[in-house]
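# Examining the three-dimensional arrangement
Here are the chains, one letter per residue:
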Amino acid sequence: MKIGLLILFAIAGLFLILEVGLRLIFGFGNPLIYIGDTRIGYLLAPNQKTRRFGNRIEINQYSMRGRSIDKKPPQLTLRLLLLGDSIANGGWWTDQENTISNLMVDSLKAKEIANYKHFEVLNASANSWGPRNELAYLQTFGNFNAQTVILLINTDDLFATAPTSLPVGQDRNYPDKKPLLAVAEIINRYLVQQKPIPELQAIQQEGGDRVGVNLEAISKIKQITDNSQINFLLLMTPLLRELGEPGPRDYEIKARDRLTEFTKAQNIQYIDFLPIFNSIVDTKSLYHDHIHLNLQGNKVISRIIEEKILQLLADKK
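Note that the coordinates shown come from a computational prediction; the quantities given were computed from them, not determined experimentally. (Residues numbered from 1 in each chain as written. Predicted model: local features only at pLDDT ≥ 70, side-chain atom pairs only at ≥ 80, totals over all residues. Heavy atoms only, no water.)

## Brief notes about the pattern of salt bridges
Threshold: We define a salt bridge as a contact between a side-chain nitrogen of Lys or Arg and a carboxyl oxygen of Asp or Glu at a distance within 4 Å. Elements are defined by DSSP. Helices are runs of H or I of four residues or more, strands are runs of E of two residues or more, and each kind is numbered from the N terminus. Only protein chains enter the accessibility calculation, which uses a 1.4 Å probe. A residue is then buried if its area is under 20% of the maximum for its type, exposed if over 50%, and partly exposed in between.
Under the defined criterion, the tally for this structure stands at 16 salt bridges. Put simply, Glu306 and Lys111 hold a salt bridge, and the shortest N to O gap is 2.6 Å. A residue pair is termed long-range when its members are at least 10 positions apart, and Glu306 in helix 10 (residues 295–316) and Lys111 in the loop between helix 3 (100–109) and strand 6 (118–125) qualify at 195 residues. A relative accessible area of 36% places Lys111 in the partly exposed class. With a shortest N-O distance of 3.2 Å, Glu206 and Arg132 are connected by a salt bridge. Of this pair, Glu206 sits in the loop between helix 6 (198–204) and helix 7 (210–227) while Arg132 sits in helix 4 (residues 131–141), and the two are 74 residues apart along the sequence. The partly exposed category is assigned to Glu206, whose relative accessible area is 25%. Ionic contacts of the salt-bridge type, sharing partners, join the residues Arg52, Glu185 and Arg189 into one network.

## Some remarks on unusual backbone geometry
With omega at 5°, the peptide bond leading from Glu245 into Pro246 counts as cis. With respect to the helices, strands and loops of the structure, Pro246 is situated in the loop between strand 8 (231–237) and helix 8 (250–266). At Asn115, a position not held by glycine, the phi torsion is positive, near 80°. Considering the arrangement of structural elements, one finds Asn115 in the loop between helix 3 and strand 6. With a phi angle near 55°, Phe144 is a residue other than glycine that sits in the positive phi range. The topology assignment puts Phe144 in the loop between helix 4 and strand 7 (148–154). Overall, Phe144 belongs to the buried group, its relative accessible area being 2%.

Next comes the structure, spelled out in C-alpha cells:
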C-alpha cells in the first residue's frame, strides 16, 4: 500500500515538474488566442501577453503586436501603420524587441528628425493574412492618424484567399481558448492529427483570378490613404526558394509582373525585396524557415523601410 502511494506521488510529482517546466521554459499552456471577425476573418484577441520559447509577445487593445496605444498619437509623433501577415508579426520565433516594427522605432529614436520627438510603428498583423484581411482591418479600425501606411506582403499573398473565421477554434494554430494544461497543448499540437475542415478547404480552393482580386484590395488600401492624404508604401518579400537560381516559378513571375505594372499604373511606392535579398551573399542567413525572416532579415527590412520613410519626409519639405 505504501509503495503504491509512493509510486503515485512520484508520478504526480514528475507530472507537476513537467507541467511547470513546459510553462516556464517553453511557454506552453498559454498560447495566443484568436477571435473571429465577419469582415477581417480573424484577429489576435486584444490585450494578451505571453512568452513562447523565451520570446516575449504582447498584443494590444487593437489586436496589434505591441504595447497599448492611444487612438490619436501625442503631439510631435511620427506614427507609421504596418499592415502584414506573420512576416510583419514575427510570430513565436521573434521576441517583441526584434520585430520589424520595434527595430524601426529603435532606429528612428536614435536619429534626430526635424519636427518629431516621438516615434511609433503600429504593427497590425496576423498569421496568414492576405491583402483582403489587411484591407478589412484598415476599413474597420482606420489608420490611427498615421502619416504613412506600410503594407508588407510576401509572394504567396498575391494568391491569398478570401477572409474567413473558420480556422478559429478548429485549426490548432488558431485556438480560441487556453488549454487546461501545457501537456494538453503539446499533445494537441504535436501528437494528435489535425482534423480537416471541409468548409475551409473549399475556400482554399477558391477559383477565379486571385491575383486580380488581391491587387484590387491593395488598390482600395491606396484609395483610403489617398483620401486621408497620407503616404502608402507597398513591400514584398520573396520565398527562400525564389532566391538565386532558378528563381521564382513561372506563375510567380507572371504575378510579379502584374504587380509591378499595377504599382506603376496606380502610382504606388513599391519595393521588391527579391533583388535586394539576391544581392546579399548568404541569403539563407536572413530566414527563419522557407518564408519567415529571422532577426537578420528583419533588420534588412526595417532598414530599407526606414530609408524610404526618411526619403518621403524629405520630399515633403
